[in-house]
Amino acid sequence: MSERSCLTANAWVCPEYVRSRSQELLDATAQHVGIALSSVAIGLLVALPLALLARRRKGFAGPVLGLTTVLYTVPSLAMFALLMPVFGLSASVVVTGLVLYSLTVLVRNILAGLESVPDEAREAALGMGYGPWRLLFEVELPLALPALMAGLRIATVSAVSLTTVGAIVGYGGLGNLIYEGMDTLFKSQVLTASALCVLLAVVFDVLLLWVQRLLTPWARTSRTRRGGRRSRRGAAKGLDTAEATDAREAAGAADPSGNRTVKAG
């Protein structure tokens, strides 16, 4: 089948579709990326103070975590329907919905990261004269970065996936092409838009993982040290086993008859 005939044959894989609709694909991808990243950025700005409130005042922890969990259970169609009277048919409906969905993951991970900071680190910083804000931004948040970045990665991948649902209000990025292709049974459009959506999720996840490793070099160092300690312990056990084997062989050589002397208890 030639590339020119794949559109006529409605094939799933059609390079001619990608060439002829390249601008449409680029525009949909740009809208998709803009909505997903905006929602995650706003969600992070909202989640951080909520997590700090839940950590500093234990009475708020239950309501904050409970509310964010309830918001995550609301179906996306119902969520967008509830937001439309406020924002109308606009991208704000999709962005706001994705922000509310991201709070569940972000608040929990930020809170878990802050609670994992060793008390010794806080006490040392306070002993050096650190105030509350300096303690937060120079000690607690850097040490909480692994958990925070893990939540950010999950929220970003989820946002990339859920953005497609925004097609019901006309702002779904690649989701617009997927829904349109499903209505017209345009196979190559559905497959290409879906593949681009998956590719975006993978690219963002890899980029955030790289940023996490760049911002937390001590985590790699600690893993390397733990690996070195395990290797040294394994080597020590190997030496002990070798020494014991040598001792048994030496004992056998000293007693050619193979008889062993057993001491009475």
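The rules we used
Residues numbered from 1 in each chain as written. Predicted model: local features only at pLDDT ≥ 70, side-chain atom pairs only at ≥ 80, totals over all residues. Heavy atoms only, no water. Helix = DSSP H or I, 4+ residues; strand = E, 2+ residues; numbered from the N terminus. Polar contact = N/O pair within 3.5 Å; in protein donor to acceptor, adjacent residues only side chain to side chain. Contact = heavy atoms within 4.5 Å. Core = buried A, V, L, I, M, F, W, Y, C linked by side-chain atoms within 4.5 Å. Buried < 20%, exposed > 50% of the residue type's maximum accessible area, 1.4 Å probe, protein only. Phe/Tyr/Trp six-rings, centres within 6.5 Å; stacked < 30°, edge-to-face > 60°. Lys NZ or Arg CZ within 6 Å of the ring centre and 35° of its normal. Axes fitted to C-alpha atoms, helices over the stretch in contact; angles between N-to-C directions. Parallel < 35°, antiparallel > 145°, perpendicular 65-115°, else oblique. Left-handed = near helix turned anticlockwise from the far one by under 90°. Nonpolar A, V, L, I, M, F, W, Y, C, P; charged D, E, K, R; others polar. Salt bridge = Lys/Arg side-chain N within 4 Å of Asp/Glu carboxyl O.

## Description of the side chain of Thr-163
Here is step 1 of the chain: Note on placement: Thr-163 falls in the loop between helix 8 (132-162) and helix 9 (174-184).
Here is step 2 of the chain: Only 2.6 Å separates the side chain of Thr-163 from the backbone oxygen of Ala-159, close enough to count as a polar contact.
Here is step 3 of the chain: The contacts of Thr-163, once residues within four sequence positions are left out, are His-32, Ile-35, Ala-36, Leu-98, Tyr-171 and Gly-172.

## Some details on the nonpolar core
Here is step 1 of the chain: Residues Leu-114, Val-160, Leu-174 and Leu-177 are the most contacted members of the largest nonpolar core, which totals 41 residues.
Here is step 2 of the chain: For this core, the secondary structure elements donating two or more residues are helix 3 (22-56), helix 4 (58-73), helix 6 (91-115), helix 8, helix 9 and helix 10 (187-215).
Here is step 3 of the chain: The biggest single contributor to this core is helix 8, with 10 residues.
Here is step 4 of the chain: Not counting residues within four places of it along the chain, the set of residues in contact with Leu-114 comprises Leu-52, Arg-55, Arg-122, Leu-136, Glu-140, Leu-141 and Ala-144.

## Looking at the packing of aromatic side chains
Here is step 1 of the chain: Counted by the stated rule, this structure contains three aromatic pairs.
Here is step 2 of the chain: On the basis of an interplanar angle of 85° and a centroid distance of 5.9 Å, the ring pair of Tyr-72 and Tyr-101 is categorised as edge-to-face. With Tyr-72 in helix 4 and Tyr-101 in helix 6, the pair connects residues that are 29 residues apart, well separated along the chain.
Here is step 3 of the chain: Of the residues examined, Tyr-72 reaches a relative accessible area of 41% and is grouped as partly exposed.
Here is step 4 of the chain: Here Tyr-101 falls in the buried class, since its relative accessible area comes to 6%.
Here is step 5 of the chain: Looking at Arg-134, its charged tip hangs above the ring of Tyr-130, at a distance of 3.9 Å from the centre.

## Re unusual backbone geometry
Here is step 1 of the chain: Positive phi outside glycine occurs at Leu-185, with the angle close to 55°.
Here is step 2 of the chain: Mapped onto the secondary structure, Leu-185 falls in the loop between helix 9 and helix 10.
Here is step 3 of the chain: Given the relative accessible area of 62%, Leu-185 is considered exposed.

## Some points on the packing of helix 9 against helix 10
Here is step 1 of the chain: Interaxial distance between helix 9 and helix 10 falls to 8 Å at its minimum, and their mutual angle equals 155°. Between helix 9 and helix 10, the angle is such that the two are roughly antiparallel. Pair helix 9 / helix 10 crosses with left-handed handedness. Facing helix 9, whose interface residues are Leu-174, Leu-177, Ile-178, Glu-180, Gly-181 and Met-182, helix 10 presents Gln-189, Val-190, Ala-193, Ser-194, Leu-196, Cys-197 and Leu-200.
Here is step 2 of the chain: The residue inventory of the contact of helix 9 with helix 10, partitioned by class, reads nine nonpolar, three polar and one charged.

## Points about the pattern of salt bridges
Pairing is possible between side chains of opposite charge, provided their charged atoms come close.
Here is step 1 of the chain: Counted under the stated rule, the structure contains seven salt bridges.
Here is step 2 of the chain: Among the ionic pairs, Glu-16 bridges to Arg-19, the shortest N-O distance being 3.2 Å. Here the residue Glu-16 and the residue Arg-19 both occupy positions in helix 2 (residues 15-20), the gap between them amounting to three residues, near one helical turn.
Here is step 3 of the chain: For the salt bridge of Arg-55 with Glu-140, the shortest nitrogen-to-oxygen distance reads 3.1 Å. One end of the pair, Arg-55, is in helix 3; the other, Glu-140, is in helix 8, with 85 residues separating them in the sequence. Glu-140 shares its class with Arg-55; the two are buried.

Any functional reading would require information that these geometric values do not contain.
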